[in-house]
Amino acid sequence: MTAVDLIVKKAGARTKKSQGTAWGKIGDKIDKISSARPDDHISTILAEMRELDIGRPDPNSFYRKRELVQPLGKAVLKRVGKTYDDFFIYPDVTNGQYTTSAVSSIRYLMGCVRDDTTAIVELGSGWSVNLFQIYVGLGQTRSKTIDYHGAEYTDEGQAAARRLAAHDGKINYHAHSFDYRNPDISFLNDVKGHILVFTRHSIEQVDVIDPRLYDMLAALDAEVTLVHIEPTGWQRDKTLLYRRKAKDNRFFEDIGGLMLSEVSSRRRQLENAAWWSWRLDYNLNLSTIIGQASKKGQIRIVRREYDYVAAANILNPSSLYHLEFVRGAAVEPTT
Ligand SMILES: C[S@@+](CC[C@H](N)C(=O)[O-])C[C@H]1O[C@@H](n2cnc3c(N)ncnc32)[C@H](O)[C@@H]1O
């Protein structure tokens, strides 16, 4: 068997047991650090265990203000069709070349928090590493009036997060059991004001999520912002989505064989991401749900950024979908 033969093989979805084992080990590590270093701040533990990646709120502000660097930064942004009007993509240098980078995902989420935000919720939260980073970024004073909710599939992920919250001792943190195939967000029923709900590489794990999740969010009393950070940008390509839905294994095996050809082309990036998704039975219906909800006026799309960063794996890049639920929209329930 050649390397390419090995590479194109389908692996299938990750099991709950395997994910639980992984989060169980994270829980053990949190216990160990917390017992050995009880005075260490939660930010230190996050930085050591995975990441503390908050970045600048508006990396373009320097370029906008400084006459000398302004034209060059503008030219670098122009190459990728961006301007200083936006804060999302900013000029950068990598490996001796001018390039661009994207604002930190955690910083973006922090920017979605409003004065009247009373709850921040991550669905498919694992050990809530994203929620804890937002908490560190917002600080304890602002967080006094915010409840942080980690809604997670595995018991082990919930337990690890509870442990880290207990180490902090001040965060209003709640862990809930949650399954995208049978969603229950009743823990938000009594929340007033504004809720920020987000997902980060968790919908990816579920081939078909229950679209009624959107109806449940729309039915809440509070105003709802929903941000997905998911590797589903390839779903915008009709052919790739059609082949995935048709379970065309041969098509994706062939794409897998092309993985290393023309690596600087946009097409290769898109096809490789679709291939990765096929290989692990990743999500198929997020972009359809967003499209339908937008069409029926249930949500307003504030921002969509395809394949803007690949934090852990260039085969599995994140796309961002920032949505606002339209209050009082009279829409047919999703079936
Ligand atoms: C790659 S991890 C990401 C975790 C977290 N969002 C993060 O950024 O660290 C995927 C998460 O999705 C969760 N997950 C898998 N299947 C799920 C399901 N059916 N419903 C809800 N979450 C699920 C897993 O338990 C895991 O915590």
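Placed above this text is the structure.
Residues numbered from 1 in each chain as written. Predicted model: local features only at pLDDT ≥ 70, side-chain atom pairs only at ≥ 80, totals over all residues.

Here we look at the overall build of the protein
- Across its full length, the protein holds 13 helices and nine strands.
- Relative to the 2.2 N^0.38 estimate, which gives 20 Å for 335 residues, the radius of gyration of the protein is 21 Å and therefore close to what a compact globule would have.
- Seen along its three principal axes, the alpha-carbon backbone of the protein occupies a region of about 55 × 50 × 50 Å.
- Counting across all 335 residues of the protein, residues that qualify as buried make up 38%.
- In the protein, the share of contacts with a sequence separation of at least 24, taken over all contacts with a separation of at least 6, comes to 75%. (Helix = DSSP H or I, 4+ residues; strand = E, 2+ residues; numbered from the N terminus. Rg over C-alpha atoms; globule rule 2.2 N^0.38 Å. Buried ≥ 20, exposed ≤ 12 C-beta atoms within 10 Å, placed from the backbone. Contact = placed C-beta atoms within 7 Å.)

Concerning the environment of Ile-229
- Residue placement: Ile-229 occurs in strand 7 (residues 223-230).
- For Ile-229, a count of 26 C-beta atoms within 10 Å translates into the label buried.
- With 120 residues separating them in the primary sequence, Ile-229 and Leu-109 have C-alpha atoms 9.9 Å apart.
- With near-sequence residues (within four places) excluded, Ile-229 lies in contact with Ser-105, Phe-198, Thr-199, Arg-200, His-201, Ser-318 and Leu-320.

Brief notes about the pairing of strand 6 (residues 194-200)
- Of all the seven residues making up strand 6, six are buried; the element is thus mostly covered by neighbouring parts of the structure.
- Alignment of strand 3 (residues 117-123) against strand 6, held across six bridges, turns out to be parallel. Each residue of the ladder has a partner; that of Thr-117, found in strand 6, is His-194.
- The parallel pair strand 6 and strand 7 is bridged by helix 9 (residues 212-218), and the resulting crossover is right-handed. (Pairing = 2+ DSSP bridges. Right-handed = clockwise from strand over helix to strand, strands pointing away.)

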